[in-house]
Amino acid sequence: MSLAVLAEIFTIHNLLMMNLGLFAGIVIGAMPGLSVSFAVTVLLTMTIGMESIPSMFMLLGGYVGGMYGGSITAILINTPGTPNSAATTLDGYPLAKQGRAGDALKAALYGSTIGGLISAAALLFLAPQLAKIVEVIASPEMFAICLFGLCATISLSKDNIIKGLISALLGLLVCCVGLDPIFGTGRMIFGSRSLMAGFRPVTCMLGVYALSQVLFECNTARQKGDSGTRGYEISKSALRLRDLLKYWKTILKSSVIGVIIGAIPGTGGGISAMFSYNEARRASKNPEKFGKGSIEGVLAPETGNNAVTGATLIPMLTMGIPGDAVMAIMLGALTMQGITPGAKLFSAGSIWVYAIMGGLLVINIFMLLQGSLFIKLFVNVSRIPENILLPCIVVLCTMGAFAISNSMIEVAVLIVFALIGFLMKKFGIPVIPFTIALVLGTLCETNLRRSLMVSYGDPMILVRRPICFCILLFSLLLLVYPTISKAIKALRKRAGEAAEK
Amino acid sequence: MDRKKAKTDIYMMLFFIILSLVLLFWVIPTQIKVTAMMEVESFTPKSFPQLIASGLLLVSVIGFVKSLIVYWKLGVCGERETAEKRTAGQWREALFPYVIFALIVIYGLLFKCFGIIPATIIVPPIILWCLRCRKWQMYAIFYAFTAIIYLLFTKILLVPIR
């Protein structure tokens, strides 16, 4: 079987797709303002009509490359290309100011590669074990897990849980449009045949992530006009792999942090990078160097954020639960290809899932090669003026949406969801719970209904089963915790003020 | 949070309250038909959308009350809404995304009526112009890029784009 998997991975077509995805991911990731989810959404348009393995390799390449690409501008101009690289600016930019940009970029590349490789290895070993457990999970527990995934993403909008909840509920409502999953009756289709299949998550995400970004960035692009950003000087790096491996403890710890955080739905590379940075500073022999240009301060967050790439695939491939926005997009892409992620992928003896997991290892190695060979090119490409990019995105998204079902209805849905995404961002409603709900909605409803059918309509089945009850309780805690902690802090502050008086 | 933002939140929550009421009392009852056979089940095709719409109503009401309290508290603290007038530049900045959106809609309509090539020749260059792109090379790069993408979709991915 392992030979068959290797043969599946190492075809010229697959290797080409990995590299194309990586290249595009690094370039998009390096452009400030464009996120990893944007990179994967744009690449998604190219995968329509492709076979599932090369298309997944292209998307994974975009994901891994985007994670690393964000560090380039974080180091050179103190502006993280993606939010995941925010922690890299803390030491990367001071290093660049000291004339050691080459060292910082090399540390980021090696850190990202090692983190990515460890994460891919963790995926390869943990996912089949988890799949065995998931296989015995019944509908009530599956419903609880779906709800947990949703609550975890909602809890990320700490400032306003209410807006996060509204976002998720809107996503679930959009999911209800189309044919009912059990009886097949039309729901909220207003007599339109085109709506019978419902809104395709992929088209909605293309609108919400990619096209809405055009509306969101157009003012900035207009202000900048034709002017690209200035050229950057990159000093030649004197660092060798040996020098970086001195920090093996930091690399290992950051990788473990990344794997653990990545496997939890609702988290992501940004959180992992911050945790890794703080841990590296805490454990360092020279904590005073952090923030002033420490190689360890670049290595830790970059290892941490790329170490989530394989781990986020664990809940997605074993349970069909996307941990973050990128996974939601990938899940949408898989559904479009007719593949339903879940434990059955592992038990059915298909090599597909192992090819995907093994491919992630290869992608990380290619990232090291591309990063070493083309770094100057990536730096220059990141200077392309934004105003030329935006119309290109419009054309790409429109053709991509049309290609999903060769129908103009998809283009109309794309445009409507672009406006929805823009308005959501404008009024501070988080977009991620909306997209996660889009892909989890049907799974959530189907499992809830199955559970109620089994219990003859008694909703107490969700409470009576201990595992299900614990997951539901934990989900509830995730939602109320930010509010409670805020209230406790306010009470403490008041008590402190009263004591002072 | 400033008072203006709290006021925006009040209007937003009001919008969601109205939306959920419309869903609960008009869209769901008229757009989801439940037959007698389905009625036997405790969970009909209507139940899930009703549950979600009720949840949306509940959350928006809580959000509405919360925003009202914040707005009132900020008023008590003496914070006043600054009734400053928007300058022409600020208006332009606020409306510009909607102009681009209108152009995207026109692009979609032209695509539907005349096909992708005429639509791409006409609309995106207008967007480029609106984005203050004045170098002819940029237009050339844009057309080269779209030509490659068009060929990719039609010749390699075999998408029947007109």
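None of these values were measured; they are calculated from a predicted model.

Asker: Explain the overall build of chain A to me, and be specific about the residues and the numbers.
Answerer: Within chain A, the regular secondary structure consists of 24 helices and two strands. Here chain A has a C-alpha radius of gyration of 23 Å; the compact-globule value for 501 residues is 23 Å, and the two agree. With the C-alpha coordinates of chain A rotated into their principal frame, the extents come out at 70 × 65 × 55 Å. Taken across its 501 residues, chain A has 60% of its residues classed as buried. Contacts in chain A between residues far apart in sequence, at least 24 positions, make up 79% of those at least 6 positions apart. Within the structure as shown, chain A displays about 19300 Å² of accessible surface, and the carbon and sulfur contribution to it stands at 66%.

Asker: How would you summarise the overall build of chain B if you had to cite specific residues and measurements?
Answerer: A tally of helices and strands in chain B yields six helices and zero strands. Sequence-ordered secondary structure for chain B, helices as α and strands as β, is α-α-α-α-α-α. Relative to the compact-globule value of 15 Å for 162 residues, chain B shows a C-alpha radius of gyration of 25 Å, a clear excess of over 25%. For chain B, the spread of C-alpha atoms along the three principal axes comes to 60 × 55 × 25 Å. Burial statistics for chain B: of 162 residues in total, 39% are counted as buried. Within chain B, contacts between residues at least 6 apart in sequence are counted, and of these 58% link residues at least 24 apart.

Asker: Requested: an account of the nonpolar core, with residues and values cited.
Answerer: Membership of the largest hydrophobic core comes to 196 residues, with the highest contact counts inside it found for A:Tyr63, A:Ile72, A:Met330, A:Trp352, B:Ile100 and B:Phe153. Looking at which domains feed residues into this core, each of domain 1 (3–76) and domain 2 (88–156) of chain B gives three or more. Beyond its immediate stretch of four places on either side in the chain, B:Phe153 contacts A:Thr45, A:Leu396, A:Met399, A:Gly400, A:Ala403, B:Leu158, B:Val159 and B:Ile161. Listed in part, the six residues of the second largest apolar core include A:Ala273, A:Tyr277, A:Phe290 and A:Ala300.

Asker: Explain the interface of chain B and chain A to me, and be specific about the residues and the numbers.
Answerer: Counting residues at the interface gives 68 residues for chain B, matched by 64 residues for chain A. On the surface where chain B and chain A come into contact, there are one salt bridge. With its nearest N and O atoms 3.2 Å apart, the salt bridge here joins A:Lys163 to B:Asp9. The tally of links between chain B and chain A comes to nine residue pairs in polar contact (both at pLDDT 80 or more). Only helix H1 (3–31), helix H2 (36–39), helix H3 (47–76), helix H4 (88–114), helix H5 (116–130) and helix H6 (136–156) of chain B provide two or more residues apiece to the side of chain B that touches chain A.

Asker: Tell me about the packing of aromatic side chains, residues and numbers included.
Answerer: Going through the model one piece at a time under the given rule, you end up with 13 aromatic pairs over all chains. Centroid distance A:Phe148 to A:Phe474: 5.7 Å. Interplanar angle 25°. Geometry classified as stacked. Residue A:Phe148 is found in helix H7 (residues 139–155), and its partner A:Phe474 is found in helix H24 (residues 466–500); the two are separated by 326 residues along the sequence. By relative accessible area, A:Phe148 is classed as buried at 14%. Pairing B:Phe15 with B:Phe16 gives two aromatic rings, centres 5.4 Å apart and planes at 65°, and the pair type is edge-to-face. Three or more aromatic residues link up through ring pairs in this structure, and these residues are A:Phe23, A:Phe374 and A:Phe378. The residue whose ring lies beneath A:Arg222 is B:Phe96, and the NZ or CZ to ring-centre distance is 4.8 Å. Of note, B:Arg134 hangs over the ring of B:Trp129, and the distance from its end group to the ring centre comes to 3.7 Å.

Asker: Account for the pattern of salt bridges, with residues named and values stated.
Answerer: Residue and element names in this part refer to chain A. Enumeration over the complete set of coordinates arrives at 11 salt bridges over all chains. Between Glu279 and Arg282 there is a salt bridge whose closest N-O contact spans 2.8 Å. You can see Glu279 and its partner Arg282 sitting in helix H12 (residues 269–283), three residues apart, about one turn around the helix. By relative accessible area, which is 60% here, Arg282 ends up exposed. Among the ionic contacts, a cluster of salt bridges with common partners joins Asp180, Arg187, Glu445 and Arg449.

Asker: Any chance you could break down unusual backbone geometry for me, citing the residues and the numbers?
Answerer: Residue and element names in this part refer to chain A. Phi at Phe190 is positive, roughly 50°, even though this residue is not glycine. Checked against the element boundaries, Phe190 lands in the loop between strand S2 (186–187) and helix H9 (201–224). The backbone of Tyr456 shows a phi angle near 55°, a positive value even though the residue is not glycine. Tracing the chain through its elements places Tyr456 in the loop between helix H22 (432–454) and helix H23 (461–464).

Asker: Tell me about the domain arrangement of chain B, and please be specific about residues and values.
Answerer: The domain boundaries assigned to chain B delineate domain 1 (3–76) and domain 2 (88–156). The C-alpha centroid of domain 2 of chain B is placed 37 Å from the C-alpha centroid of domain 1 of chain B.

Asker: Outline the packing of helix H6 (residues 101–135) of chain A against helix H11 (residues 248–263) of chain A, listing residues and values.
Answerer: All names here are of chain A. Relative to each other, H6 and H11 sit at 50°, their axes nearing to 9 Å. The orientation of H6 with respect to H11, classified from their angle, is oblique. The handedness of the crossing between H6 and H11 comes out as right-handed. Taking contact as the criterion, the partners of Ile114, Gly115, Ile118, Ser119 and Ala122 in H6 are, on H11, Ile251, Leu252, Ser255 and Val259. Grouping the constituent residues of the contact of H6 with H11 by class yields six nonpolar, three polar and no charged.

What counts and what doesn't
Residues numbered from 1 in each chain as written. Chains lettered and ligands numbered in written order. Predicted model: local features only at pLDDT ≥ 70, side-chain atom pairs only at ≥ 80, totals over all residues. Heavy atoms only, no water. Helix = DSSP H or I, 4+ residues; strand = E, 2+ residues; numbered from the N terminus. Rg over C-alpha atoms; globule rule 2.2 N^0.38 Å. Buried < 20%, exposed > 50% of the residue type's maximum accessible area, 1.4 Å probe, protein only. Contact = heavy atoms within 4.5 Å. Areas by Shrake-Rupley, 256 points an atom, 1.4 Å probe, with all protein chains shown as cover. Core = buried A, V, L, I, M, F, W, Y, C linked by side-chain atoms within 4.5 Å. Domains from an automatic or database assignment. Salt bridge = Lys/Arg side-chain N within 4 Å of Asp/Glu carboxyl O. Polar contact = N/O pair within 3.5 Å; in protein donor to acceptor, adjacent residues only side chain to side chain. Phe/Tyr/Trp six-rings, centres within 6.5 Å; stacked < 30°, edge-to-face > 60°. Lys NZ or Arg CZ within 6 Å of the ring centre and 35° of its normal. Axes fitted to C-alpha atoms, helices over the stretch in contact; angles between N-to-C directions. Parallel < 35°, antiparallel > 145°, perpendicular 65-115°, else oblique. Left-handed = near helix turned anticlockwise from the far one by under 90°. Nonpolar A, V, L, I, M, F, W, Y, C, P; charged D, E, K, R; others polar.

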